[in-house]
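# A closer look at the structure
Listed below are the residues making up each chain.
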Amino acid sequence: MTTIGFIGLGRMGANMSARLIGHVHKLVVYDVAPEAVQGLVDQGAVAAESPHELGDLCDVVFVSLPTPPIVREAVLGAGGIAEGSRIKTVCDLSTSGPKLAIELNQALEAKGIASIDAPVSGGIKGARDGTLAIMASGPQTAYDAIEPLIARMGRAFYMGETPGAGQTMKLVNNLLGAVAIAVTSEGMAMGIKAGLDPARMIEVLNSGTGINSATRDKWPRAVLPRTFDFGFAAALSLKDTRLLLDEADAMGVPLPLGEIVRGYLETALADYGPDADFTAMAKVAEKNAGLDPERGA
Ligand code: NAD
């Protein structure tokens, strides 16, 4: 019987893994934060002591970790998942970039383990509701075997066998999502400075051609209420933007809008600290416009 593992039980992983409980014979989980593990154990999962133990107990392990080096270490490092005796497939749901997907594919294939890259889009809400867009690539047979599990987390798009194709798709998606936040930040700052009501502006934009994922989701939930807690760290958004720009640079594809987003994120982190949410980009544009970003809702 297939046993499924999940490593990385953060904002995304906790929600995605919870959707597997009751749909798999057994879910085994691991995270460096004990409280994150306890949250899943309370819902019926079983705790593993290490990534290595996940590889010993599970046929398939899903990964949802913050950065490419952390993913690499958890999968291929000493005491990593790939050293386990039972592991057959590793599926990386993190945004890790195509380079790491290719590296994982080569290293795991040599050990007879299938590697699927399957980054996700749709935020915490999509992870909770099982409505993520999931863009996957890797060996077709291994993908087909785990597709019903991926479908519990969202809508699956198989991008083909080429390792990293899913990751490239995800970086393109993130460029559009992040540019939407940046351009909405600029337009809103101008309107607010001219005396327009921000809530009314968002209503208008969402009925006009200005509508985008920032006007639709980010402003109503995290910017208009001035909570700046949409649920995606500016540091991780910057990590994604750097992966994108490195990849594009290597391909000879200029991405001037991506460079602008990188600048906004770097300033947001410098001004609002390492835990800032990516919606803090709005405060950067407001400050640039001479507004007071610390004003109330
Ligand atoms: P997060 O920081 O909320 O969660 C990461 C989890 O990994 C934490 O629970 C942390 O304790 C754990 N962790 C860190 N190092 C570990 C290690 N060595 N071993 C085991 N556990 C470890 O991050 P998140 O927002 O859930 O993002 C996870 C991935 O999903 C990232 O690659 C991110 O880019 C991507 N992503 C996030 C969102 C979002 O809206 N938050 C959306 C799409 C994709």
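Read on for a plain summary of the structure. Treat the numbers as computed from the prediction; the structure is a model and nothing was measured.

### Section: the environment of Leu238
When you line up the elements, Leu238 lands in helix 11 (residues 234-251). Between the alpha carbons of Leu238 and Leu269 there is a distance of 9.2 Å; along the sequence they are 31 residues apart. Filtering out sequence-adjacent residues up to four positions away, Leu238 remains in contact with Arg262, Leu265, Glu266 and Leu269.

### A short note on the site of the ligand
Taken together, 24 residues surround the ligand, and among them Arg11, Met12, Asp31, Leu65 and Lys239 come closest. Taking Thr95, its main chain carries an N or O atom lying 3.1 Å from an oxygen atom of the ligand. The side chain of Lys239 places a nitrogen or oxygen atom 2.9 Å from an oxygen atom of the ligand. The protein chains hide 85% of the 840 Å² of surface that the ligand would expose on its own. For the shell around the ligand, the element with the highest residue contribution is helix 11, accounting for 3 residues. When the residues that make up the shell around the ligand are grouped by side-chain class, the tally is 12 nonpolar, 7 polar and 5 charged. Counting the residues that make up the shell around the ligand, at least three belong to each of domain 1 (3-160) and domain 2 (167-288).

### What to know about the packing of aromatic side chains
If you walk through the whole model with that rule in mind, you get 4 aromatic pairs. Look at Tyr143 and Tyr158: their rings are 4.5 Å apart centre to centre, the planes differ by 20°, and that puts the pair in the stacked class. Within this pair, whereas Tyr143 is found in helix 7 (residues 140-153), its partner Tyr158 is found in strand 9 (residues 154-158), the two being separated by 15 residues in sequence. For Tyr158, a relative accessible area of 26% puts it in the partly exposed group. Through successive ring pairs, a cluster of aromatic residues spans Phe230, Phe232 and Phe278. Above the plane of the ring of Phe228 lies Lys283, whose end atom (NZ or CZ) is 4.6 Å from the centre.

### Side note on the sheet that holds strand 8 (residues 132-136)
Within the open sheet, the 3 strands sit side by side as 7-8-9. Their pairing is mixed. Since the sheet does not close on itself, it has two edges, and those belong to strand 7 (120-121) and strand 9, each with one partner. Contacting strand 7 and strand 8, helix 8 (residues 165-193) runs over the sheet at an angle of about 140° to strand 8.

### Here we look at the layout of surface pockets
Reported here for the second largest pocket is a volume of approximately 170 Å³. Taken together, 16 residues line the second largest pocket, and the ones lying closest to its centre are Ile192, Pro198, Leu224, Arg226 and Arg295. Counting only elements with at least two residues in the lining of the second largest pocket, the list comes to helix 8, helix 9 (198-205), helix 10 (213-223) and helix 13 (281-288). No other element matches the 4 residues that helix 8 contributes to the lining of the second largest pocket.

Cut-offs applied
- Residues numbered from 1 in each chain as written.
- Predicted model: local features only at pLDDT ≥ 70, side-chain atom pairs only at ≥ 80, totals over all residues.
- Heavy atoms only, no water.
- Helix = DSSP H or I, 4+ residues; strand = E, 2+ residues; numbered from the N terminus.
- Contact = heavy atoms within 4.5 Å.
- Near = heavy atom within 4 Å.
- Polar contact = N/O pair within 3.5 Å; in protein donor to acceptor, adjacent residues only side chain to side chain.
- Areas by Shrake-Rupley, 256 points an atom, 1.4 Å probe, with all protein chains shown as cover.
- Nonpolar A, V, L, I, M, F, W, Y, C, P; charged D, E, K, R; others polar.
- Domains from an automatic or database assignment.
- Phe/Tyr/Trp six-rings, centres within 6.5 Å; stacked < 30°, edge-to-face > 60°.
- Buried < 20%, exposed > 50% of the residue type's maximum accessible area, 1.4 Å probe, protein only.
- Lys NZ or Arg CZ within 6 Å of the ring centre and 35° of its normal.
- Pairing = 2+ DSSP bridges.
- Axes fitted to C-alpha atoms, helices over the stretch in contact; angles between N-to-C directions.
- 1 Å grid on protein atoms, 1.4 Å probe; cavity = no way out; pocket = protein on both sides within 12 Å on 5 of 7 lines; lining within 4 Å.
- Points joined across faces, edges and corners; volume = space filled by probe spheres on them.

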